[in-house]
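# What the coordinates show
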Amino acid sequence: MLVSPSLGLQEARAQGAETHGPSAEQKAEIERAVHEAMQHDIQSAAEYKLPKDFFARMLPLIRAIRQAHLTPPMQTRNMPLAVTIRRTEAMPELQAILQEHDMSARDFVMSLTTFEMTATMSDAPPADRKNAPRLNRDNVRLIQSHRALTQALLHDMDEDSEKLQ
């Protein structure tokens, strides 16, 4: 009986192709780890305490960033906050503006994430808030008692995101 050597080679190649990249089990583990990190970030942002002078600090900061024609790294659905903070730290021009306004990259990212989450969830119908984390009550009061400033900051932030589209 003759065995074709090319047949064995094709079989080996097929098996080799299957072993490249993560296995289904590894992919599931990665997805679980990302999900857990995102849940931790959501909880951290919900609990993060905005400073009482949040609007007095953030409005001029966002406007300075816009005037410098910079676009801070955007938080995305599957990007941990730590990555966004590192990307913010990696922008020297942005770092200079943050330092001028006495703010760290971490506080900048956490403040904006917390602000957006709180503003969005505060106005959401109860059904949408059912599975949401408990928001910091002081942040909710701060945002609800400063509706005009909230809208101004959301508007300024939206102008930044429009530049990306």
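The shown structure was predicted, so the numbers you read here are calculated from the model rather than taken from an experiment. (Residues numbered from 1 in each chain as written. Predicted model: local features only at pLDDT ≥ 70, side-chain atom pairs only at ≥ 80, totals over all residues. Heavy atoms only, no water.)

The relative placement of two aromatic rings is captured by the distance of their centres and the angle of their planes. The full count for this structure, using the stated rule, is three aromatic pairs. When the centroid spacing of 5.3 Å and the interplanar angle of 35 degrees are considered together, the rings of F54 and F115 count as tilted. Placement of F54 in helix α3 (residues 54–67) and of F115 in helix α6 (residues 105–122) is noted, with a sequence separation of 61 residues between them. Per residue, the accessibility class of F54 equals that of F115, and both read buried. Ring centres of F55 and F115 lie 5.9 Å apart, and the angle between their planes is 85 degrees; on these two criteria the pair is classed as edge-to-face. Of this pair, F55 sits in helix α3 while F115 sits in helix α6; the two residues are 60 residues apart in sequence, bridging distant segments of the chain. In this pair, the class of F55 matches that of F115, namely buried. By the ring-pair criterion, three or more aromatic residues cluster together here, those being F54, F55 and F115. (Phe/Tyr/Trp six-rings, centres within 6.5 Å; stacked < 30°, edge-to-face > 60°. Helix = DSSP H or I, 4+ residues; strand = E, 2+ residues; numbered from the N terminus. Buried < 20%, exposed > 50% of the residue type's maximum accessible area, 1.4 Å probe, protein only.)

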